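What follows is each chain in one-letter form.
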Amino acid sequence: MKKIVIIWLVIAGVTCLSFQSNQIDLSFYKQDTVLKELPVIKNEAFKRGEELTFRMRYGFIEAGVATLSVTSEEQQIGGRKTYHVVGLGTSKGTFDFFYKVRDRYETYIDEKAIIPWVFVRRVSEGGYIIHQDYVFNHFLQKVSTDQGTVYDIKPNMQDMLSAFYYARTMDLSNAKPGDIFTLSCFMDKAIFPLQIKFIGRENVKISLGTIRCLKFRPVVQQGRVFKHEEDLNIWISDDKNHIPVKGQADVLVGSIKIELTNYSGLVNPISKVD
């Protein structure tokens, strides 16, 4: 399960009851005590209607399919417009027989500030079940769980899916090898610091063609899931979309590879190499 969670964190991974926005307790969004104004983040990376599809391999086995979609929905939460993002992960073939995966992640991301308001996680992996609902109030810098527990959060706190979309908005035009980018994610009732190191620029050949990419290496804890820090790498398109093109994780018990197999609804042309 941890290996699949890591993949979702990098690209930032049961069909379930769909989250109903009208079930949100809007009283949590009252701005009686505003600690700070929310930022305005320039977003040239994604828009409503974008859909990305990935193929996942475990060794030589075709292990599953993952999709990331920004729906056409224009839901307002606390009077603010949001992007509704849905991530699905499904095992297939032989892997599905031995280790069935049915994952669904949802997040409602503030359209201007690119921070989450609501996060929904429905995970079923080999019999391991996780149900999590988080409601964020960035005006009060709080997050409430589905058990009713409230935690303090810092400004610009992300969930494990919104973190991926926020990272895509970063200006990487002047990134130099060795640069480290940091953001914070609230996951499993705790703050999880995410750090990614820029390695360099490479052309990556996939089934869709050759894509000009930026290579990153997440800074991970050695010895638990990964043998060495360099065992996890992700390549994103070297354009304003910053979409994942390829991911590779060499774990203690094998290798996981992810490859972009389809995309639609992009804001900008993808950086294909002729």
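These numbers were taken from a predicted model, which means no experiment stands behind them.

## Quick notes on the layout of surface pockets
Rolled over the atoms, a probe sized like a water molecule indicates the empty space that remains.
Logical step 1: Estimates place the volume of the second largest pocket at around 270 Å³.
Logical step 2: For the second largest pocket, the lining is made up of 15 residues, of which Glu44, Met170, Asp171, Lys240 and His242 are closest to its centre.
Logical step 3: Among the residues forming the lining of the second largest pocket, the class breakdown is four nonpolar, three polar and eight charged.

## Comments concerning the pattern of salt bridges
Logical step 1: For the structure shown, the criterion picks out 17 salt bridges.
Logical step 2: Asp96 is the salt-bridge partner of Arg102, the closest N and O atoms lying 2.9 Å from each other.
Logical step 3: The class of Arg102 is partly exposed, set by a relative accessible area of 22%.
Logical step 4: Of the charged contacts in the structure, one is a salt bridge between Asp188 and Arg121, with a shortest N-O distance of 2.9 Å. Here Arg121 lies in strand β6 (residues 116–125) and Asp188 lies in the loop between β10 (180–187) and β11 (190–206), a separation of 67 residues in the sequence.
Logical step 5: Since its relative accessible area comes to 40%, Asp188 is described here as partly exposed.
Logical step 6: One connected set of salt bridges, linked through shared partners, spans Arg55, Arg57, Glu62 and Glu259.

## So, the pairing of strand β13 (residues 232–237)
Logical step 1: Counting buried positions along β13 gives six out of six residues, so the element sits mostly inside the fold.
Logical step 2: Neither face of β13 is left uncovered, since the one carrying Leu232, Ile234 and Ile236 and the one carrying Asn233, Trp235 and Ser237 both have all their residues buried.
Logical step 3: Looking at chain direction, strand β12 (residues 209–218) and β13 are connected through four bridges and run antiparallel. Considered in β13, the bridge of Phe216 is made with Ile234.

## Considerations on the nonpolar core
Logical step 1: Phe136, Tyr165, Leu172 and Phe216 are the most contacted members of the largest nonpolar core, which has 57 residues in total.
Logical step 2: Not counting chain neighbours up to four residues away, the residues in contact with Phe216 comprise Leu172, Phe181, Ile196, Lys197, Phe198, Ile199, Leu232, Asn233, Ile234 and Ile236.
Logical step 3: Counting nine residues, the second-largest nonpolar core is a separate cluster that includes Leu38, Ile77, Ala113 and Val118.

## Looking at the packing of aromatic side chains
Logical step 1: Summed over all chains, the structure comprises twelve aromatic pairs.
Logical step 2: When the centroid spacing of 5.1 Å and the interplanar angle of 90 degrees are considered together, the rings of Phe97 and Phe98 count as edge-to-face.
Logical step 3: The exposed category is assigned to Phe97, whose relative accessible area is 68%.
Logical step 4: Overall, the relative accessible area of 66% leaves Phe98 in the exposed class.
Logical step 5: Relative to Phe119, the ring of Tyr105 lies with its centre 6.3 Å away and its plane at 35 degrees, an arrangement referred to as tilted. Of this pair, Tyr105 sits in strand β5 (residues 102–110) while Phe119 is found in strand β6, placing the two residues 14 residues apart along the sequence. Each member of the pair, Tyr105 as well as Phe119, carries the same accessibility label: buried.
Logical step 6: An aromatic cluster of at least three residues, connected via ring pairs, comprises Tyr105, Phe119, Tyr134, Phe136, Tyr151 and Phe186.
Logical step 7: When the ring centre of Trp235 is taken as origin, the NZ or CZ atom of Lys246, which lies over that ring, is 5.0 Å away.

## Here's the deal with unusual backbone geometry
Logical step 1: The phi angle at Gln141 is positive, at roughly 55 degrees, despite the residue not being glycine.
Logical step 2: Its location among the elements puts Gln141 in the loop between β7 (128–137) and β8 (142–145).
Logical step 3: Even without being glycine, Asp188 reaches a positive phi, approximately 50 degrees.

## Comments concerning the environment of Leu214
Logical step 1: If you trace the backbone, Leu214 turns up in strand β12.
Logical step 2: A relative accessible area of 1% places Leu214 in the buried class.
Logical step 3: Once the C-alpha coordinates of Leu214 and Ile199 are considered, the two residues, 15 residues apart in sequence, prove to be 7.7 Å apart.
Logical step 4: What Leu214 contacts, discounting residues up to four positions off in sequence, is Leu172, Phe198, Gly200, Arg201, Ile234, Trp235, Ile236, Asp238 and His242.

Basis of the calculations
- Residues numbered from 1 in each chain as written.
- Predicted model: local features only at pLDDT ≥ 70, side-chain atom pairs only at ≥ 80, totals over all residues.
- Heavy atoms only, no water.
- 1 Å grid on protein atoms, 1.4 Å probe; cavity = no way out; pocket = protein on both sides within 12 Å on 5 of 7 lines; lining within 4 Å.
- Points joined across faces, edges and corners; volume = space filled by probe spheres on them.
- Nonpolar A, V, L, I, M, F, W, Y, C, P; charged D, E, K, R; others polar.
- Salt bridge = Lys/Arg side-chain N within 4 Å of Asp/Glu carboxyl O.
- Buried < 20%, exposed > 50% of the residue type's maximum accessible area, 1.4 Å probe, protein only.
- Helix = DSSP H or I, 4+ residues; strand = E, 2+ residues; numbered from the N terminus.
- Pairing = 2+ DSSP bridges.
- Core = buried A, V, L, I, M, F, W, Y, C linked by side-chain atoms within 4.5 Å.
- Contact = heavy atoms within 4.5 Å.
- Phe/Tyr/Trp six-rings, centres within 6.5 Å; stacked < 30°, edge-to-face > 60°.
- Lys NZ or Arg CZ within 6 Å of the ring centre and 35° of its normal.

By themselves, these observations are geometric and do not establish any function.
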